[in-house]
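Each chain, written out:
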Amino acid sequence: MSYRIALNFEDGVTRFIDCNPGEKVLDAAFRAKVNLPMDCSDGVCGTCKCRAEAGAYDLGEDYIDDALSADEAAAGLVLTCQMVPSSDCTIAVPTTSAACKTGTSRFKAAVVDVVPHADAALELKLEALEGAPAFLPGQYVNIAVPGSGGQTRSYSFSSPPGSDAPSFLIKRVPGGLMSGYLDSASPGQVLELTGPLGSFYLRAVTRPVLMLAGGTGLAPFLSMLAQLAQTGSAHPVHLMYGVTRGADLVLVEQLQRFAERLDFFSFTTCVVDPASRHPKLGYVTDHLPPEALHAGEVDVYLCGPPPMVDAVRNHFSAVALTPANFYYEKFTPNAPASAPQDLAA
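Thresholds applied
- Residues numbered from 1 in each chain as written.
- Predicted model: local features only at pLDDT ≥ 70, side-chain atom pairs only at ≥ 80, totals over all residues.
- Heavy atoms only, no water.
- Helix = DSSP H or I, 4+ residues; strand = E, 2+ residues; numbered from the N terminus.
- Buried < 20%, exposed > 50% of the residue type's maximum accessible area, 1.4 Å probe, protein only.
- Contact = heavy atoms within 4.5 Å.
- Areas by Shrake-Rupley, 256 points an atom, 1.4 Å probe, with all protein chains shown as cover.
- Lys, Arg positive; Asp, Glu negative; His and termini not counted.
- Charge placed at Lys NZ, Arg CZ, Asp CG, Glu CD.
- Phe/Tyr/Trp six-rings, centres within 6.5 Å; stacked < 30°, edge-to-face > 60°.
- Lys NZ or Arg CZ within 6 Å of the ring centre and 35° of its normal.
- Pairing = 2+ DSSP bridges.
- Axes fitted to C-alpha atoms, helices over the stretch in contact; angles between N-to-C directions.

J.: Help me out: how do you make sense of the overall build of the protein chain in this one?
T.: Across its full length, the protein chain holds seven helices and 18 strands. With respect to the three principal axes, the spread of C-alpha positions in the protein chain is 65 × 50 × 40 Å. Within the protein chain, the fraction of its 345 residues that count as buried is 50%. In the protein chain, the share of contacts with a sequence separation of at least 24, taken over all contacts with a separation of at least 6, comes to 68%. Counting every atom, the protein chain has about 15,000 Å² of accessible surface; 49% of that belongs to carbon and sulfur. Mean positive and mean negative side-chain charge positions of the protein chain (23 and 36 charges, respectively) differ by 6 Å.

So this is what it looks like as structure tokens:
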């Protein structure tokens, strides 16, 4: 039995390696041809210092305090030359993937189905052709658009990690490159995906969690919730899902199923359009329940367009609330300004 170690580099690239029982992470990385930072490899210099964001491990006692202090170890910092995992782990590496002589992975998947949600969104359902892709819940891939001359679009997984049926929730954009392709895509067509990418992913749940989704920014949260459905949570998780129009509220039935299955999970939806008959009108910041903020003792995850990210940050500042951790992903254009654009989600 080996443990799966996710190495997340500061440029957003994630590389997964296998670590054998009793093996140190640095040795496992070198075996996988990933050159993690190191100098002495004996727990003396501290060059290999990283941050463990999830998982169980042992650091032993064969390192000096100058390389890793007791306070640093208590805060989750590790020396990969001493770290011996006893479970799957996620490690943040404070350098780029290129500096470690590694890079993104590519895999192929076949189209299974494209499910339209009126004029709001499209669900792209795939079948991985080379085994289940490895990723952290919340991460995204770049998908090459067939017939576009190599152009790509970025989308977050909505499927659970470890599934060989990756799926994505994609905003429908009139004239958009990916939207146009998906409107005529046929089952069996093969797509090339590059990733996983991104530092927006679910960390170990050690306190209450507040998830804020805007539009198709719901996608990464569906993946996170699928992961939490497997691992459970000792802390409450609340999702606020805000959209512009009522028609943009998609996959609410999936959220309802999660709420019925998971006693720690609840969610709220809201619609900006004042003509909507939705019971909660306005922006997410208009409906943040105080009890979900836990007086700041909360980890906040936000995925939405830049105005939403800015509005939430300004709201927290206005109410003098500083979350314990605040992770966010902004939708950004994926095409030149002169061309039709799809927004990443």
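Back to the write-up after that little detour.
J.: Just to check I follow, could you spell out unusual backbone geometry for this structure?
T.: Residues apart from glycine generally show negative phi values, whereas peptide bonds are mostly found in trans. Here the amide bond leading from G195 into P196 is cis, since omega sits at 10°, within 30 degrees of zero. Positionally, P196 belongs in strand β13 (residues 190-197). Phi is positive for A320, close to 55°, though the residue is something other than glycine. Structurally, the position occupied by A320 is in the loop between α7 (306-318) and β18 (325-330). For A320, a relative accessible area of 70% puts it in the exposed group.

J.: Where do I start with the packing of aromatic side chains in this structure?
T.: Aromatic ring pairs are defined here through the distance separating the ring centres and the angle between the ring planes. All chains considered together, the criterion is met by eight aromatic pairs. Judged by centre distance (6.0 Å) and plane angle (85°), the rings of F200 and F221 are edge-to-face. Residue F200 is found in the loop between β13 and β14 (209-214), and its partner F221 is found in helix α4 (residues 219-231); the two are separated by 21 residues along the sequence. For F221, a relative accessible area of 0% gives the class buried. A ring pair is formed by F265 and F267, whose centres lie 6.2 Å apart and whose planes are at 15°; its orientation type is stacked. Taken together, F200, F221, Y301 and Y327 form an aromatic cluster joined through their ring pairs. Stacked on the ring of Y201, the Lys or Arg R203 has its end atom at 3.9 Å from the ring centre. Seen from the ring of Y327, R203 lies directly overhead, with NZ or CZ sitting 4.2 Å from the centre.

J.: Explanation requested: the sheet that holds strand β16 (residues 265-271) in the structure shown.
T.: Hydrogen bonds between backbone atoms are what pair the strands of a sheet, whose relative direction is either parallel or antiparallel. Reading across the sheet, the five strands line up as β16-β15-β14-β17-β18 and stay open at both edges, with parallel pairing between neighbours. Each edge of the open sheet is held by one strand with a lone partner, namely β16 and β18. Put simply, the sheet's adjacent strands are angled 10° from each other on average, direction ignored. Looking at chain direction, strand β15 (residues 237-243) and β16 are connected through seven bridges and run parallel. Residue pairing in the sheet places Y241 in a bridge with T269 of β16. On the sheet, helix α5 (residues 252-261) packs against β15 and β16 and is oriented at approximately 155° with respect to β16. Sitting on the sheet, α7 touches β14, β17 (299-304) and β18, and the angle it makes with β18 is about 160°.

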